[in-house]
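Understanding the architecture of this molecule
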Amino acid sequence: MSVAFPSLLSSHRMSPLLSFHWLSTLSSLLIGYVSICRRLGVELGKVQVYQEDNRETRVQIQESVRGKDVFIIQTMSNKQCKMRKRGSIVTKLLASMMCKAGLSHLITMDLHQKEIQGFFNIPVDNLRASPFLLQYIQEEIPDYRNAVIVAKSPASAKRAQSFAERLRLGIAVIHGEAQDAESDLVDGRHSPPTVKTTGAIHPSMEIPLLIPKEKPPITVVGDVGGRIAIIVDDIIDDVDSFLAAAETLKERGAYKIFIMATHGILSSDAPRLIEESPIHQVVVTNTIPHELQKLQCPKIQTVDISMILSEAIRRIHNGESMSYLFANIGVDD
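Rules and cut-offs
- Residues numbered from 1 in each chain as written.
- Predicted model: local features only at pLDDT ≥ 70, side-chain atom pairs only at ≥ 80, totals over all residues.
- Heavy atoms only, no water.
- Phe/Tyr/Trp six-rings, centres within 6.5 Å; stacked < 30°, edge-to-face > 60°.
- Lys NZ or Arg CZ within 6 Å of the ring centre and 35° of its normal.
- Helix = DSSP H or I, 4+ residues; strand = E, 2+ residues; numbered from the N terminus.
- Core = buried A, V, L, I, M, F, W, Y, C linked by side-chain atoms within 4.5 Å.
- Buried < 20%, exposed > 50% of the residue type's maximum accessible area, 1.4 Å probe, protein only.
- Contact = heavy atoms within 4.5 Å.
- Pairing = 2+ DSSP bridges.
- Axes fitted to C-alpha atoms, helices over the stretch in contact; angles between N-to-C directions.
- Polar contact = N/O pair within 3.5 Å; in protein donor to acceptor, adjacent residues only side chain to side chain.

1. A few points about the packing of aromatic side chains
- Using the criterion set out here, one finds zero aromatic pairs in the structure.
- In this arrangement the basic side chain of Lys152 is found over the ring face of Phe242, its NZ or CZ atom lying 4.8 Å from the centre.

The following block contains the structure:
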């Protein structure tokens, strides 16, 4: 599959890449990183990371890195908000720790919330996987012109609109009971609890409280009858909401259902549930290793995004502009 990014094979020899991993997942995580190194014409840095019997993490760098640019490649937390009442914002904590440890530049891929970039006091380049997913749709779904881009909840509508406008397709939005599992009860918007407390309020004052939310019956805004439904999102982990969306779309007449997401965590029983569902394909990138899940479910397909990561690393190393990698990306993308 050709991709609209320049070749990354360069005669300029870069410093070795250094990757930190848990020993238990080292072999699977290396799959994507070997591809990055191959494109850059460098070798993966020699490092050993393991846990002692007492669960203490040990890191042994097995070559000299003095005076070299070191690129650490790893997955990252998506906990950008308070998940419990009076809880912490995990990503903010991680950002502070990483910057304190000496991180000088951060490259990310499709952050769950773009505002996360503000947690860091260093340059952040949030790359997009959408060009690769859009190209997959155009090249691997022969009758994609008869498709409609679907947001499985109103929160995903902007992403769906971006895909639809670039593919010149229609859009549909699912609203109702089958919304995203990240509800108000767990994302911190009910912290502190919305209960009346009169101890600190003057007796003459009545502060109005928000009316409790109640989800309406499930509704599909847009026509999917006799069409291919392509659900787009940034991450797929717990697949319950995707399965509910697929069932709804099937009931409304969609004859093929695809899911396109950047990050495919696909934990727990996700592969089995997808295999037993009316979903035709789940297409994710290789930002997170999922080789085991693919063995369990042939419906899972992978799009390689090592090319854009390699080019970003090359440009940073050579002091070149990153603007090319953000061509035609708007504020809402």
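2. Comments concerning unusual backbone geometry
- A positive phi is found at Arg168, a non-glycine position, where the angle reads about 60°.
- Note on placement: Arg168 falls in the loop between helix 4 (157-167) and strand 6 (170-175).
- We note that Leu266 has phi near 50°; this positive angle belongs to a residue other than glycine.
- Looking at where Leu266 falls in the secondary structure, it is placed in the loop between strand 9 (256-264) and helix 6 (270-275).

3. Things to note about the nonpolar core
- In this structure, Ile137, Ile149, Ile230 and Met260 are the most contacted members of the largest nonpolar core, which totals 31 residues.
- Taken together, the elements giving at least two residues each to this core come down to helix 3 (130-140), strand 5 (147-151), helix 4, strand 8 (228-236), strand 9 and helix 8 (306-318).
- Of all the elements, helix 3 adds the most residues to this core, at five residues.
- Beyond its immediate sequence surroundings of up to four residues, Ile230 is in contact with Ile137, Ile141, Ala147, Val148, Ile149, Val150, Phe258 and Met260.

4. Things to note about the sheet that holds strand 6
- In spatial order, the strands read 7-6-5-8-9-10-11; together these seven strands make up an open sheet with mixed pairing. For this open sheet the edge positions go to strand 7 (219-221) and strand 11 (300-303), each flanked by a neighbour on one side alone. Put simply, the sheet's adjacent strands are angled 25° from each other on average, direction ignored.
- With eight bridges connecting them, strand 8 and strand 9 associate as parallel partners. Following the sheet pairing, Val232 is matched in strand 9 by Met260.
- Set on the sheet, helix 3 makes contact with strand 8, strand 9, strand 10 (281-285) and strand 11; between it and strand 9 the angle comes to about 155°.
- Of the strands in this sheet, strand 5, strand 6, strand 7, strand 8 and strand 9 are in contact with helix 5 (residues 240-251), which crosses strand 8 at around 170°.

5. Quick notes on helix 4
- Turning to helix 4, its buried residues are Ala160, Ser162, Phe163, Ala164 and Leu167.
- For helix 4, the elements touching its buried residues are helix 3, strand 5, strand 6 and strand 8.

6. Some words on the side chain of Arg315
- You can see Arg315 is positioned in helix 8.
- By relative accessible area, Arg315 is classed as buried at 12%.
- Within the structure, Arg315 has its side chain in polar contact with the backbone oxygen of Ser321 (distance 2.8 Å).
- Apart from residues no more than four positions distant in its own chain, Arg315 is found in contact with Glu320, Ser321, Met322, Tyr324 and Leu325.

7. Some details on the pairing of strand 1 (residues 47-51)
- Alignment of strand 1 against strand 2 (residues 57-61), held across five bridges, turns out to be antiparallel. Bridge assignment links Val49 to a residue of strand 2, and that residue is Val59.
- If you look at the hairpin formed by strand 1 and strand 2, you'll find five residues sitting between the two strands, and Arg55 has a positive phi there, around 70°.

No statement about biological role is implied by the geometric values presented.
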